[in-house]
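# Observations on chain architecture
Next come the chains, spelled out residue by residue.
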Amino acid sequence: MDTTRVVVLMIGEAVVIGAAILVVYWFFFRRSGSRRERTITRHEAVPSDAPDAQQEWPSLAQKIASAWLVVLEGADKGAHHAVGQGTTLIGRGSLCDIILEDPTVSRRHARIIRQGDQFFIYDADSMTGTLVDGKKVILLEGTPLRDGSVISIGQMRFVFKER
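Computed from a prediction, not measured in an experiment: that's the story for all the values here. (Residues numbered from 1 in each chain as written. Predicted model: local features only at pLDDT ≥ 70, side-chain atom pairs only at ≥ 80, totals over all residues. Heavy atoms only, no water.)

In terms of helices and strands, the protein chain carries 2 helices and 11 strands. The order of α-helices and β-strands along the protein chain, N terminus first, is α-α-β-β-β-β-β-β-β-β-β-β-β. For the protein chain, the proportion of contacts with a sequence separation of at least 24, taken over those separated by at least 6, is 39%. Carbon and sulfur atoms form 58% of the exposed surface of the protein chain, whose accessible area is close to 10,700 Å². (Helix = DSSP H or I, 4+ residues; strand = E, 2+ residues; numbered from the N terminus. Contact = heavy atoms within 4.5 Å. Areas by Shrake-Rupley, 256 points an atom, 1.4 Å probe, with all protein chains shown as cover.)

Here's what the structure looks like:
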């Protein structure tokens, strides 16, 4: 009887410890991901025919972003997407920094990475590929971006703007 009681207590402790680990994981990893600010990566355009139309950026985006993708063609024409300091993931997936609502865009389509003072775009093995100024981005090679570079992702086109 005593060994049965010990085994039951050990199983109970293991269940409690496992539950505590799950709570800690959810609190630190899952919960922090759900609070990610989407407002700094996506900003709607101000109509150009509005009186004194002026693009107002969220103040946090102004401090963090050093570059933007401006939609030239696509569903969000005129919208600005902030490009962060490290890696900016572009695609249809909910974990992307810039989410594009276009069925021709892969879930994880491309990455823009800042290396020093230069930005590079990498194709993430997408189905339709990525173009910069009309040239295909080679899978494992980064293509440098400059102010005014035109990026084609799926049926969407962007112009890359540096600060």
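Turning to the sheet that holds strand β7 (residues 130-132), a few remarks are in order. Overall, antiparallel pairing links the 6 strands, which are arranged β2-β1-β11-β10-β7-β8 in an open sheet. Two strands close off the open sheet at either side, each with one partner strand: β2 (80-83) and β8 (135-136). The sheet contact formed by strand β1 (residues 67-73) and β2 spans 4 bridges and is antiparallel. In the sheet register, leucine 69 faces β2, and the bridge partner there is histidine 81. (Pairing = 2+ DSSP bridges.)

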